Amino acid sequence: MALQRAQGTRRVWLPAIVMGLFALAIFARLIQLQVIEHERYAQAADAELSASNTIYARRGTILDRNGNVLSASVDTWDIYVSARAWRDDAEAQTASEALALALGVDAAALRARVAEAETIDVLIARDVEFEVGNELSAASLPGISMNANTARVNPEGDTGAAVLGFIGLDNTGLAGVEAAWNEVLQGKPGTAIYERDTTGERIPFGDHVAIAPEPGSDLVLTIDRHLQKLCEDYLRAAVEKHEAKKGGTILMMHPGTGEILCLATEPALKFSELGDLDLTDPEDLALLKNRAVSDTYEPGSVMKVVTAAAAIDRGVVSPGTTYVDNGVVNVAGIEIRNWDFQYYGTQTMTGVLQHSINTGAVYMAKLLGAEAFHSYLDAFGFGRPTGVDLMGEGGGIVRRPDDKDWSPVDLATQSFGQSISVTPLQLTSAVAAVINGGNLVRPHIVKATVEPDGDRRDVQPRVVGRAISEETSDTMRQMMNDVVDPDGRTYPGNPSLYTAGGKSGTANIPIYGSYNDQQIASFIGFAPLDDPEILVLIMLDDNRDGATGTEAAAPIFAQLADETLGYLGIAPDGDGYVAAGAR
Amino acid sequence: MAAINHPLGHGRRSLPIPLPGGSPNWWVLGAMAIVGFSAMLPVLQNSWTTTRGFETQDLEARQAQLNGDIRQLEADVANLTSLTRIERRALAIGLGPGGTPVYVTVDEAGPAPAKIPSELLPELERASDEPESMWRSLFSRVPLLD
């Protein structure tokens, strides 16, 4: 039987055309969505359903030279609330009350905060204690998710805060060792990806770690926590006693290795006051730098040690060389007088250091000449950073003979520590070279790094140059010993139990090209005499009581030397110890 | 209109399944088993993967928890051994700051022989447990060998 073919009437083909066009439109739209704009929609869908979080790597621990913890990381939780999940009032009520109880905040305020938020996941609390977070996790509250984080703890409190520095919210070091060694400490952060359902809730087992974090290395510092605290206590007391308006510095270093044993500054950063810092205030902002490393000052008479070392090394004088001090010397028409406006008559070079005679320093510098004097300044590392492993180091300012406004007066004043600015660390490094046999050693604050697998790499002392000969160094140690242990009189900077050497300095503070009545009282000393274990610089900035370096800073050195060397277990070699049977 | 659902064909065909009393078609049974197993395999795999995934996540969570606890304990130890804590504890048990130390030098000679820890001394010769040989005992009686 033949089938009859239907007639193609309008009733048939018109709907067919309409439906065909409709199908074509749908097909075109599919092409647009699935092919042309696939990436965009795929990303949008991915963003809607999945999210990622940074997993911060465990930051390395900072230890003192004896392995005591100075700064460590503990695990914490960052707590988020899903705004979508809390659209259900009943769930929001239950969850917010439990969360508020755990965090110690107001539940209503919490709900309001989430309701007003423009993001889906609202950060409620950062660095919540590990135990509290665990309890919240176990409670499985609706809409609450937690990301692992770490926070820094400082068991020693504010001790060494200015050296250690602090980190930001993104676990990056912002100041101190934390910033300077951030790359080593921080490790590599990872990424976690999790999936959400249509209500914004995390899908169980939808989490996965896309990139695992790599923990940072530990740092072992050269700092000794006990000595650091000792120095800070001494400095705080001295600043108060001598009314040092701009604070001060105590820097203790091993002169042979350049290891910094303590570095105390005042005013200094305090962990306990970190939250109160107002970084728009210049005084607060200045706390972020380490004054002993960044700030420069004119060292005053301490510089005579360097001048004498250069003159003796060059062979133009010896400790016994004499000259006549009239109390004043004329340089290019300018009269330069002694600090105390006294004259001392015939003096040896040792006497120049003992009485801190300016004219004697000028005498040595003249014999050396500007070129030789400046070559020694270079050899001692002045005018450039020491290369210490801390951030923001200053290089100091040295006027050179080829500067356009150079004058012979500059050479004369530089010889006793004016017209030259140095950092406390730079000066300590230079004097270390004077007493350690003549080697300029790079100061450092990191003794070793310990990788997560336990691999320890020690930082070796680094000699960056030779400043003077070993013989000159021996001579200088003896001359500096004659300063603190003069015949026939007592000196406040002489330790009672150990032999020592040192030199005081009292420098005027330059203000706009001139000097006013403000001063910096300082003292640098070492002990024991033959094999120095410590070199200490004490500096009091703008002490209003008018005490000189000998009066204000030298006694601190004497006390510190006795306490420090006793603590380090070094046998006394001075006159103060008592032999059995002699007591 | 129930007839509309009747299968077209030429009468009832015998189904190739094992029937009681008849011989089973093992090929068909085998094929059915393979098909059934193939159908179940993804389900089993999925189940197994999910279980393992859960266990892995659970273990990772426990590991993270334990690591967190370790770091918390380390921080506690660091806090307990901090200088401030030690000083506070020393004061609590009645200790105070030490006075000026007196260092002494010993001008007496040391004990003779020096008292050296035994582990640093050379090993003592142990007496032999073996009996003395006959020829040695004989020779020992000879005056020349005394």
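Placed above this text is the structure.
Quick look at the structure, then. (Residues numbered from 1 in each chain as written. Chains lettered and ligands numbered in written order. Predicted model: local features only at pLDDT ≥ 70, side-chain atom pairs only at ≥ 80, totals over all residues.)

Re the interface of chain B and chain A
Next up, step 1: On the chain A side, the residues contacting the 23 residues of chain B number 25 residues.
Next up, step 2: Among the elements of the structure, α1 (26-80) and α2 (83-92) of chain B are those that each provide at least two residues to the side of chain B that touches chain A.
Next up, step 3: Counted by class, the side of chain B that touches chain A contains 10 nonpolar, 10 polar and 3 charged residues. (Contact = placed C-beta atoms within 7 Å. Helix = DSSP H or I, 4+ residues; strand = E, 2+ residues; numbered from the N terminus. Nonpolar A, V, L, I, M, F, W, Y, C, P; charged D, E, K, R; others polar.)

Concerning the environment of S73(A)
Next up, step 1: Secondary-structure assignment places S73(A) in strand β3 (residues 69-82).
Next up, step 2: For S73(A) and R58(A), which are 15 residues apart along the polypeptide, the C-alpha to C-alpha distance reads 6.7 Å.
Next up, step 3: With residues up to four places along the chain from it excluded, the contact list for S73(A) reads R58(A), R59(A), T150(A), A151(A), R152(A) and R71(B).

Brief notes about the pairing of strand β18 (residues 446-450) of chain A
Residues and elements named next belong to chain A.
Next up, step 1: Pairing geometry for strand β8 (residues 218-221) and β18, over 4 bridges, is antiparallel. Paired with D218 across the strands is V450, a residue of β18.
Next up, step 2: Across 3 bridges, the pairing between β18 and strand β19 (residues 456-458) is antiparallel. Residue A448 lies in a different strand from β19, and its bridge partner there is D458.
Next up, step 3: Taking the residues that link successive antiparallel strands as the turn, the β18-β19 hairpin has 5 residues, and the phi of G454 there is positive, at about 95°. (Pairing = 2+ DSSP bridges.)

Regarding the pairing of strand β13 (residues 334-337) of chain A
Residue and element names in this part refer to chain A.
Next up, step 1: With 4 bridges connecting them, strand β12 (residues 328-331) and β13 associate as antiparallel partners. Bridging across to β13, V329 finds its partner in I336.
Next up, step 2: Where β12 folds back onto β13 in an antiparallel hairpin, the turn is made up of 2 residues, including A332, whose phi is positive at roughly 50°.

What about the sheet that holds strand β1 (residues 50-55) of chain A?
Residue and element names in this part refer to chain A.
Next up, step 1: Spatial ordering of the open sheet is given by β1-β6-β7, a layout of 3 strands whose pairing is antiparallel. Sheet topology places β1 and β7 (208-211) at the edges, where each strand pairs with a single neighbour. The sheet shows a mean angle of 30° between the axes of neighbouring strands, taken without regard to direction. (Axes fitted to C-alpha atoms, helices over the stretch in contact; angles between N-to-C directions.)

A short note on unusual backbone geometry
All names here are of chain A.
Next up, step 1: Of note, the amide linkage connecting E266 to P267 takes the cis form, showing an omega dihedral of 0°.
Next up, step 2: Of the consecutive residues A527 and P528, the connecting peptide bond is found in the cis state with omega at -15°.
Next up, step 3: Mapped onto the elements, P528 comes out in the loop between β22 (514-527) and β23 (534-541).
Next up, step 4: Although it is not a glycine, N171 adopts a positive phi angle of roughly 65°.
Next up, step 5: Take N171: it is sitting in the loop between α6 (161-164) and α7 (176-180).
Next up, step 6: Overall, the presence of 23 C-beta atoms within 10 Å leaves N171 in the buried class.
Next up, step 7: You will see that A332, though not glycine, has its phi angle at about 50°, which is positive.
Next up, step 8: Relative to the elements of secondary structure, A332 occurs in the loop between β12 and β13. (Buried ≥ 20, exposed ≤ 12 C-beta atoms within 10 Å, placed from the backbone.)

Remember that the coordinates give geometry; whether it matters functionally is a separate question.
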